[in-house]
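Notes for the structure review
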Amino acid sequence: MRIVLGIEYDGSQFCGWQRQTDTKTVQQTLEQAISEVADRSVCIHAAGRTDTGVHATEQVIHFDCSALRDSRAWVMGVNTHLPDSVSVLWAKIVHEDFHARYAAVSRYYRYVILNRSVRPAILNRQVTWMYYALDSVRMQQAASFLEGTHDFSSYRATACQARSPVRTVHQLTVQRQGEFVFIDILADGFLHHMVRNIAGVLIAIGKGEQDIDWTRTILESRDRASGGITAPASGLYLVKVQYDDRYGLNSAVKWPAIGIDSPRHAVE
């Protein structure tokens, strides 16, 4: 049978998602814990492979297993074998044609900036700290140029292996709430470093270093060399993944109560 789990993790404790032989990763940690409950070795597949230092409030994974366990046993059992930095949120049995990555309809990321003069202590690995004032209104105006279907070659890592640079951004918003600036992006898929590169460009515009239409200029150049810096990983969260209703997962994978049209309220 095919089991799907929703996972939350603090990415600062790991060298990224993907399994590696000589370092600690989220995938490796989860596979070991799940294998303990399943009484056999399992291989998991994720909706997205997050980089070192990137967090998730609801990553989605699946694995195949013949062991008979109910949902509560998968959640509670696996969690007893996980470190404090990783937690299983829910579990569900699905049809075997489901794939956590390839069946995803859209993904939602949030980039969190703490914008104040003093560095954080408690949140130092959970946010990106910016001590200079950011103009979130300018950032929102600049973000609007990136909504829609575009070639995002300028906003992906040079080592990105995606076959096509074309992605559809359904919504990209910037909002300030007190000392925090939130960048929320909902899209059908993402390229390697795409969100962090977008954040880096918007930060430069928020600082007043670049004009508002710089996002569009970079986009139209289709050249990564014309873009800004890649923003730090510490502020990035994979918030949600959405699937076709036929899998029955969207009752488990709940979007924020405010509604999918306003993802800015999901991580506060």
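Read on for a plain summary of the structure. Keep in mind that what you see is a predicted model, and the values were worked out from it rather than measured. (Residues numbered from 1 in each chain as written. Predicted model: local features only at pLDDT ≥ 70, side-chain atom pairs only at ≥ 80, totals over all residues. Heavy atoms only, no water.)

Within the chain, the secondary structure is distributed over 5 helices and 10 strands. Radius of gyration (C-alpha) of the chain: 19 Å, near the 18 Å computed for a compact globule of 268 residues. Considering only C-alpha atoms, the chain reaches an extent of 60 × 40 × 40 Å along its principal axes. Residue burial in the chain is summarised as follows: out of 268 residues, 54% are buried. Taking the intrachain contacts of the chain between residues at least 6 apart in sequence as the baseline, contacts between residues at least 24 apart amount to 70%. When the accessible surface of the chain is totalled, it reaches about 12,300 Å², and 47% of it is carbon and sulfur. Computing the positive centroid from 28 side-chain charges and the negative centroid from 28, the chain places the two 2 Å apart. (Helix = DSSP H or I, 4+ residues; strand = E, 2+ residues; numbered from the N terminus. Rg over C-alpha atoms; globule rule 2.2 N^0.38 Å. Buried < 20%, exposed > 50% of the residue type's maximum accessible area, 1.4 Å probe, protein only. Contact = heavy atoms within 4.5 Å. Areas by Shrake-Rupley, 256 points an atom, 1.4 Å probe, with all protein chains shown as cover. Lys, Arg positive; Asp, Glu negative; His and termini not counted. Charge placed at Lys NZ, Arg CZ, Asp CG, Glu CD.)

This next bit is on the pattern of salt bridges. By the definition in use, this model includes 10 salt bridges. Here glutamate 31 and arginine 19 are joined by a salt bridge, their closest N and O atoms 2.7 Å apart. In this pair, glutamate 31 is assigned in helix α1 (residues 26-38) and arginine 19 in the loop between β1 (2-9) and α1, connecting sequence segments 12 residues apart. For glutamate 31, a relative accessible area of 8% gives the class buried. For glutamate 58, the salt bridge identified is with lysine 240, shortest N-O distance 3.0 Å. Here lysine 240 lies in strand β10 (residues 236-243) and glutamate 58 lies in strand β3 (residues 55-64), a separation of 182 residues in the sequence. Glutamate 58 gets classed as buried once you look at its relative accessible area, which sits at 5%. Residue class for lysine 240 comes out buried when judged on its relative accessible area of 14%. (Salt bridge = Lys/Arg side-chain N within 4 Å of Asp/Glu carboxyl O.)

Another point: the side chain of aspartate 151. Within the element layout of this structure, aspartate 151 appears in strand β7 (residues 148-151). There is a polar contact of 2.5 Å between the side chain of aspartate 151 and the side chain of serine 153. Contact partners of aspartate 151, with chain neighbours within four places excluded, come to Pro165, Val166, Leu219 and Arg222. (Polar contact = N/O pair within 3.5 Å; in protein donor to acceptor, adjacent residues only side chain to side chain.)

It is worth spelling out the environment of arginine 40 at this point. Position of arginine 40 relative to the elements: it lies in the loop between α1 and β2 (45-46). For the pair arginine 40 and alanine 67, spaced 27 residues apart in the sequence, the C-alpha separation amounts to 8.6 Å. Contact partners of arginine 40, with chain neighbours within four places excluded, come to Ser35, Cys65, Ser66 and Ala67. A polar contact of 2.9 Å, which involves the side chain of arginine 40, links it to the backbone oxygen of alanine 38.

Tallied over the entire structure, the rule returns 9 aromatic pairs. Between phenylalanine 98 and tyrosine 247 the ring centres are 5.1 Å apart and the planes differ by 75°, which places this aromatic pair in the edge-to-face class. Here the residue phenylalanine 98 occupies a position in the loop between β4 (86-94) and β5 (104-115), and tyrosine 247 occupies one in the segment after β10, the gap between them amounting to 149 residues. Here phenylalanine 98 and tyrosine 247 have matching classes, each one buried. Chaining the aromatic ring pairs together yields one cluster made of Phe98, Tyr243 and Tyr247. The ring of phenylalanine 182 is capped by arginine 110, whose NZ or CZ atom sits 3.9 Å from the centre of that ring. (Phe/Tyr/Trp six-rings, centres within 6.5 Å; stacked < 30°, edge-to-face > 60°. Lys NZ or Arg CZ within 6 Å of the ring centre and 35° of its normal.)

A few words on the packing of helix α4 (residues 194-206) against helix α5 (residues 214-221). One can describe the packing of α4 onto α5 by two numbers: an axis separation of 10 Å at closest approach and a directional angle of 145°. The chirality of how α4 crosses α5 is right-handed. Contact residues: Val201, Leu202, Ala204 and Ile205 in α4; Trp214, Thr215 and Ile218 in α5. (Axes fitted to C-alpha atoms, helices over the stretch in contact; angles between N-to-C directions. Left-handed = near helix turned anticlockwise from the far one by under 90°.)

Taken together, the side chains of Met1, Leu68 and Ile93 present a nonpolar region at the surface, about 300 Å² in accessible area. By secondary structure assignment, the location of methionine 1 is in the segment before β1. (Patch = residues over 30% accessible without salt bridge, like charges linked within 9 Å, V, L, I, M, F, W, Y side chains within 5 Å.)

The next subject is the packing of helix α3 (residues 136-143) against α4. For the pair α3 and α4, the least separation of the axes is 8 Å and the interaxial angle reads 135°. Relative to α4, α3 is oriented oblique. At the point where α3 passes α4, the crossing takes the right-handed sense. Only Leu202, Ile203, Ile205 and Gly206 of α4 make contact with α3, whose side of the interface consists of Arg138, Met139, Ala142 and Ala143. (Parallel < 35°, antiparallel > 145°, perpendicular 65-115°, else oblique.)

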